[in-house]
Amino acid sequence: MKIIDLLKVDAIALNASVSTKEEAIDKMVDLHSGAGNLNDAGIYKEAILARESQSSTAIGEGIAVPHAKSESVKTPGLSSITVPGGVDYGAPDGKPSDILFMIAAPLDGDLHLEILSRLMVMLMDADFCTKLRAAKTPEEYIEIIDKAEAEKYPEEPVVTEAPKDGYQILAVTACPTGIAHTYMAAEALEQAAEKMGISIKVETDGSGGAKNVLTKEEIANCDGIICAVDRNVEMARFNGKPVYKTSVSNGINKPEELINKILNKEAPVYHSDSADASDETSGDGEGFGRKIYKHLMNGVSHMLPFVVGGGVLIALGFLIDTIAGNADVGGNFGFTNPVAAVVFWIGKAAFAFMLPILAGYISMSIADRPGLLPGIVGGYLATTGATLSNPTGDDTAVSGFLGALLAGFVAGLLVNGLKKAFNWLPKAMDGIKPVFIYPLCGTFLIGIVMLLINPVVGLLNSGLSNFLTNLGDTSKLLLSVVLAAMMAIDMGGPFNKAAYVFGTAAIADGNTWIMAAVMIGGMVPPIAIALSTTFNKSKWTEQELKNGPVNYLMGLCFITEGAIPYAASDPLRIIPSCMVGSGVAGAVCALFGCACPAPHGGIFTFAVVEHPLGYIISLIAGSVAGALMLAILKKNKNKVEKKTA
């Protein structure tokens, strides 16, 4: 494959009549659409704008390379325009951009990425760009590209041997999408090093995986490492070496300055077991809120497979038991039938790891690998409700999702504190600290913290139960609304669990209408989110859209936790929207006089619900209300800061 295989004549517009950045984007999207590269031009444009909201894709020197990965891309491709006089594209050098390439990349598949990286590298050549500006026809434009590619990337690749004494400087480049800036930064650093007479090797951590990977020997022998990255890369391997961490745009625009940071010994030494390692190697500040968000998303992204895989298997268990005629067996529903039991308990096993994994990877994001074990243990203790008086677990002290979140952040901070506390140990102990001292002490400390925290949450749950009992005497309708809304507050946390425990306890007293409100309230959040991802695609990232349909099944099966990854990404908008939807469902459920004798199962229990038609209407009304609230409250994804995949 060659560059011209991705760039068609009808996707090129020379001397385009555009005067603004927005017009330039519209023109190039239209070219992509006309060339047959897109399934949905609107969705692809939203992905382009979302990428631009992070930082301008203008490189400087008249070049801009807007790009995005999107499910709306049917065929990977390029579109390009030249603009006499250029347009203001927000370039770092302040110059207008007059050569623009727009990259359309699908979510899956990476065979085209190496080809696109070639173009990015070629655009770093001033002579090549001059020839492109002078092209008279699209055919000539393509011919210039094809000839330059053949010269720079001959069919017989030239193998460059590493210097005998190793490379003076190493570098890693990585941008959010891993398509364009990653490779342009690498080329800029290589060109600058060649001019300065410096040997350099650059690892590109692109969308197709890491290329030109740095070896242990090369790291050991180099003078220092430049990390021009806009996302996390593997840093522990650089322990003890001078590392200067900056943005990928600086790698493109300030390569000589970065190289001199290493040569002049201005880069701090990176210590992988240092609590402040990420800060001391960084040349650019990062806001506190952004750090919290990155740590949280690291936990959520690793938790998601456990939610989806375990939740779907549990749902299949309910389905099999329903088909077998066991929908009215009460507490054993879902695992009465032998086949259902196998599927159900495998799903439960996967689901049980959800919160420990969430906490573990939040902690690991904060404290690197030594934080993984303490975080997982803290998350597990949150699920058992362990206390000082009952370390094996107390059902009244389960802290759930909120407890696991707290465990992840506290565990990470504790391990970072241990790194400072044991900094006095001799250097000979460096090898044993991250694999023995930090995990051991960190696990013990987070265990003590959770044993102290869980009883407090237990008291909160008891207080909530007492409040609900008193409220039920005055208003059945109000209680249904409150209980249903509580199911959406923390989606598996103490409020959710308090409402659920209250509902299951009420079944024993014959108040099955309470369980009906609880279950319908727990079913609404995932379905409301799924509806929004279906009918309001502009509100969500590509990954959220991809996983959205799973929430239909999870919501119907009363697995509220399916909404957790979405709520965690934008809690101030998503949680209130879901609470409104659940509250509406609870109110409609009470008005119809619905009652449910089964404590779990979602749609598979509808056969035993009193007034099942009213129950279905309740679910529809609440889910639609929640989706409408999301449409009102949630911003379009191109208006908020996001990392696109």
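For the structure itself, consult the block above.
Residues numbered from 1 in each chain as written. Predicted model: local features only at pLDDT ≥ 70, side-chain atom pairs only at ≥ 80, totals over all residues. Heavy atoms only, no water.

Draft legend 1. Structural view of the nonpolar core. Ranked by size, the top nonpolar core spans 36 residues in total, and within it F101, L123, L132, Y141 and I145 carry the most contacts. Only β1 (7–13), β6 (97–105), α3 (113–122), α4 (126–134), α5 (138–152), α6 (181–196) and α8 (248–253) provide two or more residues apiece to this core. The dominant element in this core, judged by the number of residues it contributes, is α5, at five residues. For L132, the residues in contact, after removing those within four places along its chain, are T82, I99, F101, L123, Y141, I144 and I145. Formed by 33 residues, the second largest nonpolar core is a distinct cluster that contains I362, F401, L451 and I529. (Core = buried A, V, L, I, M, F, W, Y, C linked by side-chain atoms within 4.5 Å. Buried < 20%, exposed > 50% of the residue type's maximum accessible area, 1.4 Å probe, protein only. Helix = DSSP H or I, 4+ residues; strand = E, 2+ residues; numbered from the N terminus. Contact = heavy atoms within 4.5 Å.)

Draft legend 2. Main features of the pattern of salt bridges. Counted under the stated rule, the structure contains 11 salt bridges. As a salt-bridge pair, E218 and K201 come within 2.8 Å of each other at their nearest N and O atoms. Of this pair, E218 sits in helix α7 (residues 216–221) while K201 is found in strand β8 (residues 200–206), placing the two residues 17 residues apart along the sequence. Since its relative accessible area comes to 14%, E218 is described here as buried. (Salt bridge = Lys/Arg side-chain N within 4 Å of Asp/Glu carboxyl O.)

Draft legend 3. How the structure looks around the environment of I262. Mapped onto the elements, I262 comes out in helix α9 (residues 255–263). According to the relative accessible area criterion, I262 is buried, its value standing at 5%. For the pair I262 and L170, spaced 92 residues apart in sequence, the C-alpha to C-alpha distance is 9.7 Å. Residues in contact with I262, not counting those within four places in the same chain, are I169, D223, G224, I225, I226, P242, Y244 and A267.

Draft legend 4. The packing of aromatic side chains, seen in detail. Scanning all chains against the criterion turns up seven aromatic pairs. Ring plane angle 40 degrees and centroid distance 5.0 Å describe the contact between F335 and F344, whose orientation is recorded as tilted. Of the residues examined, F335 reaches a relative accessible area of 23% and is grouped as partly exposed. We classify F344 as buried; its relative accessible area is 6%. Through a chain of ring-to-ring contacts, three or more aromatic side chains come together here, namely F335, F344 and W345. Above the face of the Y89 ring, K21 is positioned so that its terminal group lies 4.8 Å from the ring centre. Above the ring of W540, the side-chain terminus of K634 is found at 4.8 Å from the ring centroid. (Phe/Tyr/Trp six-rings, centres within 6.5 Å; stacked < 30°, edge-to-face > 60°. Lys NZ or Arg CZ within 6 Å of the ring centre and 35° of its normal.)

Draft legend 5. Representation of a nonpolar patch on the surface. Among the surface-exposed residues, L388, F444, L445, I448 and L452 lie close enough to one another that they form a single nonpolar patch of about 470 Å² accessible area. Considering the arrangement of structural elements, one finds L452 in helix α16 (residues 433–472). Its relative accessible area of 48% is what places L452 among the partly exposed residues. (Patch = residues over 30% accessible without salt bridge, like charges linked within 9 Å, V, L, I, M, F, W, Y side chains within 5 Å. Areas by Shrake-Rupley, 256 points an atom, 1.4 Å probe, with all protein chains shown as cover.)

Draft legend 6. A look at the side chain of T82. On the secondary structure map, T82 appears in strand β5 (residues 77–87). One polar contact links the side chain of T82 to the main-chain amide nitrogen of N15, over a distance of 2.8 Å. For T82, the contacting residues outside a window of four places in its chain are A13, L14, N15, A16, D98, L132 and Y141. (Polar contact = N/O pair within 3.5 Å; in protein donor to acceptor, adjacent residues only side chain to side chain.)

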